[in-house]
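Coordinates in review
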Amino acid sequence: MTTQEPLLQFWAEGLPGMMHGLQISVALAGVSMIIGLPLGLIFCMMVMSRSRFISALGLVVVEIGRGMPALIILYLVYFGLPSFGVLLDSFPSAIIALAWNYSCYCSEIFRAGIQAVPHGQNEAGDALGLNGNITFFYVILPQAFRSIIPALLGQTILLFQDTSLAYTVAVPELMKEAYTYGSTTFQYLRVFVLAGLCYAVITLPASWITRWLERRLALSY
């Protein structure tokens, strides 16, 4: 292979490996999101709990998850847990790290949305004889979701981009495939431009959908 090889031909040769890596990246982000969303809601409920102990515990978990870079969390899970006898492969380690980091940010998004719901909604639930759980899950939470969906989508896009960190623990995602192809061709600029285009195939449409939802929700208020 020479440096004079046409760009499109060079990309065509590397694209199959890149697409395989992109599939792994999407799967990693999808599983992390499925785990992180309900976990974020649980953390949010813990922080907002009337119990000082539960609230403090939730706050500590959330602040640690938000305060540390996702890469540090990934290293702690992959390299730190074996010290306690817990051995995990690279893929589940990446899921745990990314899901925790994602859930902590989602927790604050949930909390902001819930606190934005007028307090009168709670009073209306009490007036109708609804208990606190029913009022929260069927009255407060649906209204909160309406305002936080764009923020959650934006955070999910960041989660997908953060999957690139998983190459550091040998997960065969997109960046790992890019480094592999780059190390065999030594044409890193071309390789990483192709990798960036592969990420853009996912992130650009997702960003457009997020902005469209923001406008639709703004008009519906």
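Quick caveat, the model's predicted, so the values are computed rather than measured.

Of the regular secondary structure elements, the protein chain holds 8 helices and 0 strands. Each helix and strand of the protein chain, placed in order from N terminus to C terminus, yields the pattern α-α-α-α-α-α-α-α. In terms of principal-axis extent, the alpha carbons of the protein chain reach across some 75 × 50 × 20 Å. In the protein chain, buried positions account for 38% of the 221 residues. Long-range pairs, those at least 24 residues apart, make up 76% of the contacts in the protein chain with a sequence separation of at least 6. If the 10 positive side-chain charges of the protein chain are averaged to one point and the 11 negative ones to another, these points end up 10 Å apart.

We now examine the pattern of salt bridges. Scanning the model with the defined rule gives 2 salt bridges in all. A salt bridge links Glu 63 to Arg 66, with the shortest nitrogen-to-oxygen separation between them at 3.2 Å. One end of the pair is Glu 63 and the other is Arg 66, both in helix α2 (residues 52-67) and 3 residues apart, which spans about a single turn. Owing to a relative accessible area of 38%, Glu 63 belongs among the partly exposed residues under this scheme.

This brings us to the packing of helix α4 (residues 90-116) against helix α6 (residues 132-162). Helix-helix packing is characterised by the crossing angle of the two axes and by the distance between the axes. In contact at an axis separation of 8 Å, α4 and α6 are set at 140° when each is read in the N-to-C sense. By the angle class used here, α4 and α6 are oblique. The interaxial crossing formed by α4 with α6 has right-handed handedness.

With 42 residues, the main nonpolar core has Met 18, Phe 110 and Ile 114 as its most contacted residues. At the level of elements, α1 (7-47), α3 (70-80), α4, α6, α7 (174-185) and α8 (188-220) are the ones that each hand at least two residues to this core. With residues up to four places along the chain from it excluded, the contact list for Phe 110 reads Leu 37, Gly 40, Leu 41, Cys 44, Phe 145, Ile 148 and Leu 152. With 5 residues, the next largest nonpolar core counts Phe 43, Met 46, Val 47 and Val 62 among its residues.

Taking the numbering used here, the UniProt-annotated feature "transmembrane region" (unreviewed entry) corresponds to residues 20-44, 56-81 and 188-209. Within residues 20-44, the helical portion is 100% and the strand portion 0%, while the C-alpha atoms at the span's ends are 36 Å from each other. In residues 56-81, helix accounts for 88% and strand for 0%; the two terminal C-alpha atoms are 24 Å from one another.

Looking now at a nonpolar patch on the surface. On the surface, a nonpolar cluster with roughly 410 Å² of combined accessible area is contributed by Met 45, Ile 134, Phe 137 and Tyr 138. Counting residues per element, the nonpolar patch draws most heavily on α6, which supplies 3 residues. With respect to the helices and strands, Tyr 138 occurs in helix α6. A relative accessible area of 66% means that Tyr 138 is categorised as exposed.

Next up on the list: the packing of helix α5 (residues 120-127) against α6. Between α5 and α6, the shortest axis-to-axis distance is 10 Å and the interhelical angle comes to 150°. Viewed along their axes, α5 and α6 adopt a mutual orientation that is roughly antiparallel. As for how α5 packs across α6, the hand of that crossing is right-handed. Where α5 approaches α6, its residues Gln 121, Asn 122 and Gly 125 are matched on the opposing element by Thr 135, Val 139, Ile 140 and Gln 143.

All right, on to the packing of aromatic side chains then. Considering all chains together, one arrives at 8 aromatic pairs under this definition. With 5.6 Å between their ring centres and 65° between their planes, Phe 160 and Tyr 199 make a pair best called edge-to-face. Taken as a pair, Phe 160 in helix α6 and Tyr 199 in helix α8 lie far apart in primary sequence, 39 residues in all. You'll find Phe 160 and Tyr 199 in the same group, each marked buried. An aromatic cluster of at least three residues, connected via ring pairs, comprises Tyr 167, Tyr 179, Tyr 188 and Phe 192. Directly above the aromatic system of Phe 10 lies the positively charged group of Arg 190, at a separation of 5.4 Å from the ring centroid.

Criteria and thresholds
Residues numbered from 1 in each chain as written. Predicted model: local features only at pLDDT ≥ 70, side-chain atom pairs only at ≥ 80, totals over all residues. Heavy atoms only, no water. Helix = DSSP H or I, 4+ residues; strand = E, 2+ residues; numbered from the N terminus. Buried < 20%, exposed > 50% of the residue type's maximum accessible area, 1.4 Å probe, protein only. Contact = heavy atoms within 4.5 Å. Lys, Arg positive; Asp, Glu negative; His and termini not counted. Charge placed at Lys NZ, Arg CZ, Asp CG, Glu CD. Salt bridge = Lys/Arg side-chain N within 4 Å of Asp/Glu carboxyl O. Axes fitted to C-alpha atoms, helices over the stretch in contact; angles between N-to-C directions. Parallel < 35°, antiparallel > 145°, perpendicular 65-115°, else oblique. Left-handed = near helix turned anticlockwise from the far one by under 90°. Core = buried A, V, L, I, M, F, W, Y, C linked by side-chain atoms within 4.5 Å. UniProt positions renumbered as here; feature names shortened; annotations may be inferred. Patch = residues over 30% accessible without salt bridge, like charges linked within 9 Å, V, L, I, M, F, W, Y side chains within 5 Å. Areas by Shrake-Rupley, 256 points an atom, 1.4 Å probe, with all protein chains shown as cover. Phe/Tyr/Trp six-rings, centres within 6.5 Å; stacked < 30°, edge-to-face > 60°. Lys NZ or Arg CZ within 6 Å of the ring centre and 35° of its normal.

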